[in-house]
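# Analysis of the macromolecular model
Single-letter residue listing:
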Amino acid sequence: MMNFAEARATMVDCQVRPSDVTLYPIIEAMLAVRREVFVPTSLRPVAYAGTHIDLGAHRVILDARVFSKMLDALEINPGDLVLDIGAGLGYSTAVISCLSEAVVGIEEDADMARDAAVSLSDEGFDNAVISQAPLAEGDPSHGPFDVIMIEGGVESVPQAILAQLKDGGRIGAIFVQGNAGVVQFGVKLGETLSWRQGFDATAPLLPGFKQPTVFEF
């Protein structure tokens, strides 16, 4: 039988630390959260593989390298309120809950949202909630947020999401174009959002985050 605790430690030592992610709160959170609980039972043997885990419906659990580097750049603090878009089965929301004051995971797939909520409750993540709603709408009723993290690919980020970011808030997303992609991080200052490039990565395009079509006459 697979030793998941050992696999979790190996993931951190071989995928996270070599990616220059050394902040203790991130390391501690990724060692604490039982990733295998947040994947379908059939995929538990590959829960700690160094790749995205495909959950279907254009959802993945981001591979540990990409996920941890995004967390590192976003600098989530213990007093932060975080919006986790594309929560899937809840793994990312669970990790973020260890770093923040509270986190709202958004998942529009009804089955995934239900399973995520059950797993988070069963694992004792009391400062994390799952809201079933269209991903591109976010959760304005609980915002504004200090940090918004998007767990999948985007071509553009809807204004409705950006409006839920506090002044001084941070956002991270994987911008994809075809088979290529780059993680970008934004900071909101007043009415201006300034983006900077992070590192190369790609992920399936999330519903509602496609670049709007511009018609020309």
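All of the points below concern the structure found in this document. (Residues numbered from 1 in each chain as written. Predicted model: local features only at pLDDT ≥ 70, side-chain atom pairs only at ≥ 80, totals over all residues. Heavy atoms only, no water.)

## Some words on the overall build of the protein
This is how it is decided: Under the DSSP-based scheme used, a helix requires at least four consecutive residues in state H or I and a strand at least two consecutive residues in state E, with every element numbered from the N terminus. For this measure, only C-alpha atoms enter the radius of gyration; the expected value for a globule follows 2.2 Å times N^0.38, where N is the number of residues. Using a 1.4 Å probe on the protein chains alone, a residue whose accessible area is under 20% of its type maximum counts as buried, one over 50% counts as exposed, and one in between counts as partly exposed. Whether two residues touch is decided by their heavy atoms; if any such pair falls within 4.5 Å, the residues are in contact. Accessible surface is estimated by sampling points in the Shrake-Rupley manner with a 1.4 Å probe; for residues, cover comes only from the protein chains shown. Counting rule applied: Lys, Arg positive; Asp, Glu negative; His and chain ends not counted. To locate a charge, the coordinates of NZ of Lys, CZ of Arg, CG of Asp or CD of Glu are taken.
The number of helices and strands found in the protein is six helices and nine strands. Computed over C-alpha atoms, the radius of gyration of the protein comes to 16 Å, within 12% of the 17 Å expected from 2.2 N^0.38 for 217 residues, which places it in the range of a compact globule. Along the longest, intermediate and shortest principal axes, the C-alpha atoms of the protein span 60 × 35 × 35 Å. When the 217 residues of the protein are sorted by exposure, 51% land in the buried category. A fraction of 58% describes how many contacts in the protein between residues 6 or more apart in sequence connect residues 24 or more apart. Entry remark: accessible area of the protein is about 10100 Å², with carbon and sulfur atoms responsible for 52%. Charge centroids of the protein, computed over 14 positive and 29 negative side chains, lie 3 Å from each other.

## Regarding the packing of aromatic side chains
Under the convention used in this document: Ring geometry is summarised as follows: Phe, Tyr and Trp rings, the Trp one being its six-membered ring, pair when their centres sit within 6.5 Å, and such pairs are stacked at plane angles under 30 degrees, edge-to-face over 60 and tilted between the two.
According to the stated counting rule, one finds five aromatic pairs in the structure shown. Seen in terms of ring centroids, phenylalanine 4 and tyrosine 48 are 6.4 Å apart; in terms of plane orientation they differ by 45°. Their pairing is tilted. Remark: tyrosine 48 occurs in the loop between helix H2 (24-32) and strand S1 (53-56) and phenylalanine 4 occurs in helix H1 (residues 4-16); sequence separation between them is 44 residues. Of the residues examined, phenylalanine 4 reaches a relative accessible area of 18% and is grouped as buried.

## Remarks on the pairing of strand S6 (residues 145-154)
The cut-off we apply is this: We treat two strands as partners when DSSP finds at least two bridges between them.
Buried residues dominate S6, accounting for 10 of its 10 residues. Both strand S3 (residues 81-85) and S6 contribute to a ladder of four bridges, which runs parallel. If you follow isoleucine 85 over to S6, its bridge partner there is isoleucine 150.

## Considering the side chain of aspartate 139
Put simply, the test is: By the criterion applied in these results, polar contacts are pairs of N or O atoms within 3.5 Å in which, for protein atoms, one can donate a hydrogen and the other can accept it, and in which residues neighboring in sequence qualify only through two side-chain atoms.
Here aspartate 139 shows up in the loop between strand S5 (128-131) and S6. A polar contact is formed between the side chain of aspartate 139 and the side chain of serine 141, at a distance of 2.7 Å.

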